[in-house]
Amino acid sequence: MNTLYDVTAAPIAYTPERGREARALFEEFPDSLRDLISGTAGCSPYLDQLLKHEADWLKSRAQLDLDTVFASILADITGDNFENLSDALRVAKRRAALLIALADLGGVWNLEQVTGALTALADRAVQVSLTYLVGAEIVRGKLPGCVPDDAADAAGMMALAMGKMGAGELNYSSDIDLIILFDESRHAPEHHGELRAGFIRITQRMVKMLSAITAGGYVFRTDLRLRPDPSVTPVCISMEAAERYYESLGRTWERAAFIKARPCAGAIDAGWAFLERLRPFIWRKHLDFAAIEDAHDMRLRIRAHKNLHGAVSVPGHDMKLGRGGIREIEFFTQTRQIIGGGRDRDIRQRQTLTALKALRDKNWVEPDVEAALHEAYVQHRTLEHRLQMLDDAQTHRMPENLEKRQRLAAFCGADDLEVFENAIKERLQNTHDLTEKFFAQENDEEKERPEPEFARPEFVANILAKWEGLPALRSARARQIFARLRPEILHRLSGAGNPEEALLQFDAFLAGLPAGVQLFALFEANPHLLDLLVDICATAPQLAAYLGQNPQVLDAVISADFFAPLPELATLRHALSQQIGRCEYYEDVLDSTRRWVKENQFRIGVHLLRQTASAEETAEAYSNVAEACLREVFPHVCKDFARRYGPPPGRGATVVAMGKLGSGEMTATSDLDLIVIYDAENQTHSTGKRPLPVTTYYGRLTQALVSALSVPTAEGALFEVDMRLRPSGRKGPVATSLRGFADYQLNEAWTWEHLALTRARVLSGDAGLVGDVKEVICKVLHQDTDSRKIIEDVQQMRQKLAKTKGSSGGLWVLKDGPGRLMDLELLLQTGAVLFGISGVQRPIDMLPKLVAQGWISRGDSAAITKALILYSQVQQVTRLAIKGTPDPADISKGLNALMSGVVGLKDVSALEAKLAQTALDMTKIIEKTLAIPIAEGIDDAR
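Reference entry: report on the structure contained in this document. For clarity, every value in this text was computed on a predicted model and none was experimentally measured. (Residues numbered from 1 in each chain as written. Predicted model: local features only at pLDDT ≥ 70, side-chain atom pairs only at ≥ 80, totals over all residues. Heavy atoms only, no water.)

A look at the overall build of the protein
Tallying secondary structure elements over the protein gives 40 helices and 10 strands in all. Here the C-alpha coordinates of the protein stretch approximately 115 × 70 × 55 Å along the principal axes. By sequence separation, contacts in the protein at least 24 residues apart represent 75% of the contacts at least 6 residues apart. Of the roughly 39900 Å² of accessible surface on the protein, a fraction of 50% belongs to carbon and sulfur atoms. Taking the average location of the 111 positive side-chain charges in the protein and that of its 126 negative ones, the two points are 3 Å from each other. (Helix = DSSP H or I, 4+ residues; strand = E, 2+ residues; numbered from the N terminus. Contact = heavy atoms within 4.5 Å. Areas by Shrake-Rupley, 256 points an atom, 1.4 Å probe, with all protein chains shown as cover. Lys, Arg positive; Asp, Glu negative; His and termini not counted. Charge placed at Lys NZ, Arg CZ, Asp CG, Glu CD.)

With respect to helix H12 (residues 268-277)
When H12 is considered as a whole, its buried residues turn out to be Ala270, Gly271, Phe274 and Leu275. Projected down its long axis, H12 carries its buried residues within an arc of 140 degrees, all on one side. (Buried < 20%, exposed > 50% of the residue type's maximum accessible area, 1.4 Å probe, protein only. Arc of directions from axis to C-beta.)

What about the packing of helix H22 (residues 499-512) against helix H24 (residues 528-539)?
Running from N to C, H22 and H24 point in directions that differ by 110 degrees, and their axes come no closer than 8 Å. As the angle between them shows, H22 and H24 are arranged roughly perpendicular. In this structure, H22 uses Ala502, Gln505, Phe506 and Phe509 to contact H24, whose residues at the interface are Leu533, Cys537 and Ala538. Of the residues assigned to the contact of H22 with H24, the class counts are six nonpolar, one polar and no charged. (Axes fitted to C-alpha atoms, helices over the stretch in contact; angles between N-to-C directions. Parallel < 35°, antiparallel > 145°, perpendicular 65-115°, else oblique. Nonpolar A, V, L, I, M, F, W, Y, C, P; charged D, E, K, R; others polar.)

So, the nonpolar core
Judged by nonpolar contacts, the single largest core of 165 residues is most densely connected at Trp467, Phe506, Phe520, Phe602 and Ile864. Ranked by residue count, the leading element in this core is helix H28 (residues 615-645), at 13 residues. Ignoring sequence-local partners within four residues, the contact set of phenylalanine 520 consists of Ala472, Leu473, Ala478, Ile481, Phe482, Leu485, Leu510 and Leu513. If you look at the next biggest cluster of nonpolar residues, it comprises 98 residues, including Ala22, Leu36, Leu58 and Ile200. (Core = buried A, V, L, I, M, F, W, Y, C linked by side-chain atoms within 4.5 Å.)

A short note on the layout of surface pockets
Estimated volume of the second largest pocket: approximately 1700 Å³. What lines the second largest pocket is a set of 41 residues, and nearest its centre among them are Leu725, Trp752, Ala756, Leu801 and Met822. Elements with a minimum of two residues in the lining of the second largest pocket: helix H29 (659-663), helix H32 (751-757), helix H34 (787-804), helix H35 (821-834) and helix H37 (858-881). The element contributing the most residues to the lining of the second largest pocket is H34, with eight residues. Classifying every residue of the lining of the second largest pocket by side-chain character gives 13 nonpolar, 12 polar and 16 charged. (1 Å grid on protein atoms, 1.4 Å probe; cavity = no way out; pocket = protein on both sides within 12 Å on 5 of 7 lines; lining within 4 Å. Points joined across faces, edges and corners; volume = space filled by probe spheres on them.)

Quick notes on helix H6 (residues 82-105)
In this model, H6 (24 residues) spans 34 Å end to end at C-alpha, consistent with the 34 Å of a helix rising 1.5 Å per residue. The element H6 is extensively covered by neighbouring structure, given that 19 of its 24 residues are classed as buried. Capping of H6 at its N-terminal end is provided by asparagine 81; its side-chain oxygen lies 3.1 Å from the backbone amide nitrogen of glutamate 83. Taken from the residues just after H6, glycine 107 is the one with a positive phi, measuring 75 degrees. (Expected span 1.5 Å × (residues − 1). Polar contact = N/O pair within 3.5 Å; in protein donor to acceptor, adjacent residues only side chain to side chain.)

Side note on the pairing of strand S2 (residues 176-182)
Within S2, seven of the seven residues are buried, which leaves it mostly tucked inside the rest of the structure. Going residue by residue along S2, you find Ile176, Leu178, Ile180 and Phe182 tucked away on one face and Asp177, Ile179 and Leu181 tucked away on the opposite face as well. Across five bridges, strand S1 (residues 157-161) lies against S2 in antiparallel orientation. Bridge pairing in S2 links leucine 160 to isoleucine 179. The pairing of S2 with strand S3 (residues 222-223) spans two bridges and is parallel. The partner of isoleucine 176 across the bridge, within S3, is threonine 222. (Pairing = 2+ DSSP bridges.)

Geometric values such as these leave the question of function open.
If you want it as structure tokens, here you go:
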């Protein structure tokens, strides 16, 4: 509980005699409060008049809790006619102004409490006046279709508080910025015309009630110019018309304005719904660094319009719009919010200081910068209030007159004008220096830098000549930003191992961009991204082409954890769950997942490119991203499908990962090998509005899952999905019952299907069903088998693969051919089936168990391990960096260096020799192992 008796500070009375007169009115008050009253009256003619006018009221409430007193001021705003309500509003404003000023000047309330109280008064004033005027129009029969009860929420009218009012940050003599809308969907279309006229009339009368100066003063100056296109639109428009405007014509400054917007009166719920529909306009899904230039241009226009150029000087300085002022801090904060708020909901804060703290916590602002701007904002706003309290004037400009400056210093409790103003000047200059770095960077003073020379100037000139005609450089703004970037880009490219090759790949990247403004602004604000781009162009042409098609993934590089160790599965699942959990519609889930997957895949690729992650870590990371995607998206697919056809019959379905996803060895281009198994528990149909037979239900559900993963949306596709490993392959149903799966695998499956099953991993579904599927897989792999037949089948498979695929692609076809990856995997999976090894999906992890069985020697195991690692290393790099089979003659110096670094060899020639020898050695081991006569001991060992 805080009362006015708790004062801790007081102004110095600049006019002592006036201070003594005010002090004498309150003899019963303690000296500390009388000092506050004396200092206040001795500095502010406006507050001196309020103290005299409201002396009796103040005496009766000085010992009461300030919050209680303020609440009673708001509650007293009532009236049964226009005049009475108008008078009540002005009495409330007068008393609130006095109470807030004394609580502020006396140190009882902090800045947040002061601005919060001023905003609460404005909210109450708008709510009471709006609902009264709507009710009066309803009684007059001027709002067709409306009844008296509709007045409670203004018959669908709503006031959006903008600017400082929206943020709860009103200053002492602030006007209030409002946008007045009405919910057209609430009323019959035939009444819209007459209602619109009535709502416009109500808005005009509300402004008059709040703004008109009467014998009792005024309440709030009210500004409606933030509405869409105010020069041609009426003061109240429909929500639908406003939405159309912002979707098609909304500008960056309007996006920034809506950061602080909130409904404050009338149909509050409809107001929040409107802001939610406006969310895609305010918060772009990708980082929006182009907003920096927009905000910077706006700052320059304000300075020019207000003639605020020149060095910081305290006399005459505008504390709001001048250099280092309040608006600088707000622009600094809001622009960062605009840039990153689409990706990070935590920085979508209305209040400036809260937003600054959130930006600091999310590494958008350095802690020392946030601390300095926080302190400056509090001090600036406090000084702003003192300026306005002197005469209740809506001013932000420091006085130029010496006497007025001395009065202000005394009002702020300062007894030395020079010290007082030096502190203000230092704070303004420091604020300007901090904010100007962010906005201007080097844009205001472009530095001439000659373009570098290349070894093949004609080749380079031909490439550069094409750039002006590219889609990314279609707009004048894109060309303007790129012109500033171009010298820096070319200098970085010229420093690559093969500059012309790097330039060629950058050209391909640039040609693939559908637009350029946002991306070029991103590069300009984050020059280190150019180094990464050049690195990619010089090393990984395929990744450069991918960037051209998906430039938005570069947003992820800005996050503080981009180069941190790649996250584990649980972390990825949590992050994706949080992201798609905020999506309202199923289509949003699919789009959001695509963005998330692409960003994470790009991050993994960069880690491999920079060699901060090994090939093994990369394989695991790609697999974890795919698994997280499947685990989190499948429930949403089921939920969406159930809306139409009812919940999944029985225990539902589970997804089984096969192939490289099953073994956790995915690459940048891997598809997903999946099997869907369900258990309907004797149900024959689903129970929804449109019931389906069980087989049809799960077949279509599986197709819905495949579509969710593979069909392109506005954000592209996710993965290719391969379901050929299901029972009966392409001929079988896309979803298999648990009983059918078990029967097929135990009685009908081919040997190659059992080999594939060794890599099966059950990912999601009902816990009981998951356990049963695992049990079936284990049973299949542990069943009695004819060892000789298995090996004969495998030998036939090898012969067939040699005929159909062979090794026609040369050494760099790592997957097919004798002694290559698939050949080795067949060997190890054969051993797993022969000896009943289950629960070990990676072929390399099967080796210790096969050594223990005596089927593979320790020496051969070590050699196979090295071969698998080598093949995996090269495959991870080539799948990331180039499209198709590598041609050593065309491998760039950058890719050569990358592959050599990853595998630990000096160059591509040494790698070729290593691959050739490895294939020969592995062929010998495979043929030796599979040629061993089948002894009775193998079956006994199993």
